[in-house]
Amino acid sequence: MSASTDIRSVRVIFTRELTGYFSTPVAYVFLIVFLALAGAMAFYIGNFFSRNQADLDAFFVFHPWLYLFLMPAIAMRLWAEERKSGTVELLFTLPVATWHAVLGKFFAAWVFAGIALALTFPIWISINILGDPDNGPVVAGYIGSFLMAGAYLAIGSCISATTKNQIIAFVLAAVLCFLFTLGGTNMVLGFFQSFLPQSLVELIGSFSVLNHFTEIRKGVIDLTDLIYFFSVMGVFLFATVLVLDLKKGQ
Amino acid sequence: MLQVQSLTKRFGPILAVDDVSFTVAKGEVLGFLGPNGAGKSTTMKMVTGFLSPTAGTAIVCGHDIQKSPIEAKRCIGYLPEGAPLYPDMTPQSFLGFTAAIRGMTGSDRASAISRAMALTELQQVASQPIETLSKGFKRRVGLAQALVHDPEVLVLDEPTDGLDPNQKHQVRQIIHEMAAEKTIIISTHILEEVDAVCSRALIIAKGRIVADGTPAELTARSPIHNAVTLRLRKTPPAGELKALGQIAGVASVESLSELGAPAYRVIPADGTPILQPVSKYVSDKNWEIEEIHLEKGHLDDVFRRVTTGTEAAAA
Ligand SMILES: Nc1ncnc2c1ncn2[C@@H]1O[C@H](COP(=O)(O)OP(=O)(O)OP(=O)(O)O)[C@@H](O)[C@H]1O
Ligand SMILES: [Mg+2]
């Protein structure tokens, strides 16, 4: 098995999946919901205009909470649907390795999420027209948001591989993403602080998507934050492969 | 070409496939028969690498499906039971996908796709979403997918299920034409199909092989194989009829009331040919014959006997 055939398999699956998103109305419904929610949160809850500041903080600050529901909604169908319709039998009797399919599907979902995120560009244009923003943190915010989407999607992919029921996949993935996000809030850390040593509390905080995203959003993309997001993706995609291989016996 | 070695599959308490071994050579078309739930599809899923066996393995074109699954899968074309397909794709894009994943590109890919579509007569629906196709057309798309890379080994789980008579004929024709070059396993519930396309039949029941042989050999195990059926103008004298039953090689004479006229079936002992002595006896006695007929036996009877346990020790 050479590297070029590996890349080919991943690419072919990626292309099929990504075209799959746009061949049903679900993709367009999702894009509209995403843009509407992202905009509404920024304008109404984040007081985007009345803050009178030319930055996108009000926009990015809600992304972890928005993704909590929207990323599991993308990821729920990744494997559950294939299992339900039986096409997983077709896919896994083609000459592809499990990880080819896992990566191909994940990248397609991630790119789809990226497209949704990219479509929020008018908000960036508008702050550049209305004011004179520092575009560094804006770019960092977009990169951080995209990485966070990838982490949530990898979590969702793993959960989706365990079931043939998309609703279960959605609910469990949302709960798991919620735990990963919540781990960084003061509420949770404060609770642990009451009985755990400071070093452990910091460890728990360091597993939080929220903390890493907040760091990036400030405009500095630190290596540890990158390592964090790519590790979450790596671990959960690897777990997806394990779950799928385990299911071959059933 | 294809060796199945002691394949066993257990689903919790259910032993779906129990120590099944067989070999299929190039040029053979193996009909895989058995009642519902016998383990046919489960065996095929293990042979094609979708399910991991509890024990045993399959060697496909020299590759162990467990140890080098990708190499083995390259030379298999598989039509899974029920022909699952991606509903949002068209036959054209779906075949394009499977051909691409099998490494075909450019004009090779285009010609492989059009060849598979021509074989299964899919051209007229080539760009219609699969979810809007009729059942038979979906099955044909599944079949085209199995054929697109011209594989050495074909595993087809109920390929003619849901096809119209013309298409059934067409599919049998395709199998027939490819047979010499390939190793083919098909599962089916249509026993005429076995006579029509298979060079060998394997019957399994409750996960175990209960019969294995050419269709003719299996048919010969029917109790009425070589029986002679007679329809007469008049009922013969009871004494003469009794004497017919005492000819060497004849086991019994049954009266067949359903044919209306006086009709009898002369059953041989152990399938020995009895046409000669019976016809000689009948003409000696000057019985007026409306019809005389040599029975070959039916695969149905054999199937029923071996799978319901009335011929338990047969295998
Ligand atoms: N995933 C599974 N989990 C539990 N039991 C299973 C599973 N798949 C198959 N079985 C059982 O294994 C047995 C064999 O099933 P299989 O589908 O191989 O039968 P078959 O010979 O193909 O039947 P049919 O003619 O109806 O297609 C059945 O008792 C079935 O209920
Ligand atoms: Mg079956």
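Residues numbered from 1 in each chain as written. Chains lettered and ligands numbered in written order. Predicted model: local features only at pLDDT ≥ 70, side-chain atom pairs only at ≥ 80, totals over all residues. Heavy atoms only, no water.

Novice: Please explain the overall build of chain A as it appears in this structure.
Specialist: When its secondary structure is counted, chain A shows 14 helices and zero strands. Tracing chain A from N to C terminus, the helices and strands come up as α-α-α-α-α-α-α-α-α-α-α-α-α-α. Its C-alpha atoms give chain A a radius of gyration of 19 Å, within 12% of the compact-globule value 18 Å for 250 residues. Its C-alpha atoms give chain A principal-axis dimensions of about 55 × 50 × 35 Å. Within chain A, buried positions represent 50% of all 250 residues. (Helix = DSSP H or I, 4+ residues; strand = E, 2+ residues; numbered from the N terminus. Rg over C-alpha atoms; globule rule 2.2 N^0.38 Å. Buried < 20%, exposed > 50% of the residue type's maximum accessible area, 1.4 Å probe, protein only.)

Novice: Whenever I open this one, the pairing of strand 6 (residues 76-79) of chain B confuses me. Can you help?
Specialist: In summary, the side chains of a regular strand alternate between the two faces of the sheet. Residue and element names in this part refer to chain B. Taking every second residue as pointing to the same face, both faces of strand 6 are buried, with Ile76 and Tyr78 on one and Gly77 and Leu79 on the other. The pairing of strand 6 with strand 7 (residues 153-157) spans four bridges and is parallel. Paired with Gly77 across the strands is Leu154, a residue of strand 7. (Pairing = 2+ DSSP bridges.)

Novice: When you look at the coordination of the magnesium ion (ligand 2) in this model, what are you seeing that I'm missing?
Specialist: Six octahedral donors at a metal ideally form angles of 90 or 180 degrees, and four tetrahedral donors ideally form angles of 109.5 degrees. Residue and element names in this part refer to chain B. Distances from the magnesium ion (ligand 2) to its protein donors, Ser41 (OG) and Glu81 (OE), fall at 1.9 to 2.2 Å. A residue pair is termed long-range when its members are at least 10 positions apart, and Ser41 in helix 1 (residues 40-47) and Glu81 in the loop between strand 6 and helix 3 (91-101) qualify at 40 residues. By relative accessible area, Ser41 is classed as buried at 12%. (Donors = N, O, S within 2.8 Å, 3.2 Å for Na, K, Ca; no water.)

Novice: Quick question: what am I supposed to make of empty space enclosed by the protein here?
Specialist: To find leftover empty space, one rolls a probe the size of a water molecule over the atoms. Summed over all chains, the structure comprises two cavities of 30 Å³ or more. In this structure, the largest cavity occupies an estimated 60 Å³ of space. Residue lining of the largest cavity: Arg83(A), Val88(A), Phe92(A), Leu244(A), Lys247(A), Lys248(A) and Phe50(B), and that is the complete set. Taken as a whole, the second largest cavity holds about 30 Å³ of empty space. Lining the second largest cavity are Leu90(A), Thr93(A), Leu94(A), Ile76(B), Gly77(B), Tyr78(B), Arg102(B) and Gln145(B). Of all the elements, strand 6 of chain B adds the most residues to the lining of the second largest cavity, at three residues. Across the lining of the second largest cavity, the residue classes break down as four nonpolar, three polar and one charged. (1 Å grid on protein atoms, 1.4 Å probe; cavity = no way out; pocket = protein on both sides within 12 Å on 5 of 7 lines; lining within 4 Å. Points joined across faces, edges and corners; volume = space filled by probe spheres on them. Nonpolar A, V, L, I, M, F, W, Y, C, P; charged D, E, K, R; others polar.)

Novice: Quick question: what am I supposed to make of the packing of helix 4 (residues 63-75) of chain A against helix 10 (residues 166-182) of chain A here?
Specialist: The geometry of a pair of packed helices is captured by two quantities: the angle between their axes and the separation between those axes. Residue and element names in this part refer to chain A. Two numbers describe how helix 4 lies on helix 10: the axes approach to 8 Å, and their chain directions differ by 155°. The angle between the axes of helix 4 and helix 10 places the two elements in the roughly antiparallel class. The chirality of how helix 4 crosses helix 10 is right-handed. Only Phe170, Ala173, Ala174, Cys177, Phe178, Thr181 and Leu182 of helix 10 make contact with helix 4, whose side of the interface consists of Pro64, Trp65, Leu68, Phe69, Pro72 and Ala73. Of the residues in the contact of helix 4 with helix 10, the class split is 12 nonpolar, one polar and no charged. (Axes fitted to C-alpha atoms, helices over the stretch in contact; angles between N-to-C directions. Parallel < 35°, antiparallel > 145°, perpendicular 65-115°, else oblique. Left-handed = near helix turned anticlockwise from the far one by under 90°. Contact = heavy atoms within 4.5 Å.)

Novice: Help me understand the site of ligand 1, please; the structure alone is not making it clear to me.
Specialist: Residue and element names in this part refer to chain B. Around ligand 1 sit 14 residues in total, of which Gly37, Lys40, Ser41, Thr42 and Glu81 are the nearest. Between ligand 1 and the protein, one listed contact pairs an oxygen atom with a side-chain N or O atom of Asn36 at 2.9 Å. At 2.8 Å, a side-chain N or O of His189 approaches an oxygen atom of ligand 1. Out of a free accessible area of 640 Å², ligand 1 has 65% covered by protein chains. Only strand 2 (14-24) and helix 1 provide two or more residues apiece to the shell around ligand 1. When residues of the shell around ligand 1 are assigned to their parent elements, the largest contribution, three residues, is made by helix 1. A per-class count over the shell around ligand 1 returns five nonpolar, six polar and three charged. (Near = heavy atom within 4 Å. Polar contact = N/O pair within 3.5 Å; in protein donor to acceptor, adjacent residues only side chain to side chain. Areas by Shrake-Rupley, 256 points an atom, 1.4 Å probe, with all protein chains shown as cover.)

Novice: Before we go on, may I ask you to explain the sheet that holds strand 1 (residues 2-11) of chain B in this structure?
Specialist: Residues and elements named next belong to chain B. Spatially, the four strands line up as an open sheet ordered 2-1-4-5, and their pairing is antiparallel. Edge positions in the open sheet fall to strand 2 and strand 5 (63-64), since each of these has one partner strand only. Here strand 4 (residues 55-60) runs beside strand 5; their pairing, made up of two bridges, is antiparallel. Residue pairing in the sheet places Ile59 in a bridge with Asp64 of strand 5. Contacts between helix 1 and the sheet are confined to strand 1, strand 2 and strand 4, with strand 1 contributing the most and set at about 120° to the helix.

Novice: Would you mind going over the pattern of salt bridges with me for this structure?
Specialist: For side chains of opposite charge, pairing can occur when their charged atoms come near one another. All names here are of chain A. Overall, the coordinates contain 22 salt bridges over all chains when judged by the stated rule. Here Glu82 makes a salt bridge to Lys105, at a shortest N to O gap of 2.9 Å. Placement of the pair is Glu82 in helix 5 (residues 77-85) and Lys105 in helix 7 (residues 98-118), with a sequence separation of 23 residues. Grouping residues by exposure puts Glu82 and Lys105 together as buried. (Salt bridge = Lys/Arg side-chain N within 4 Å of Asp/Glu carboxyl O.)

Novice: Can you help me understand the interface of chain A and chain B in this one?
Specialist: Much of the literature gives interface size as the accessible area that the parts lose upon coming together. On the chain B side, the residues contacting the 26 residues of chain A number 27 residues. Both faces considered, chain A and chain B share a buried interface measuring about 2600 Å² in area, 65% of it formed by carbon and sulfur atoms. Between the two partners, chain A and chain B, sit one salt bridge. Note that Lys45(B) is salt-bridged to Glu89(A), the shortest N-O span being 3.9 Å. Scanning the region where chain A abuts chain B turns up six residue pairs in polar contact (both at pLDDT 80 or more). Counting residues per element, the ones that place at least two in the side of chain A that touches chain B are helix 1 (3-22), helix 5 and helix 6 (87-91) of chain A. Looking at the side of chain A that touches chain B residue by residue, the classes come out as 11 nonpolar, 10 polar and five charged. (Buried area = accessible area lost by both parts, 1.4 Å probe.)

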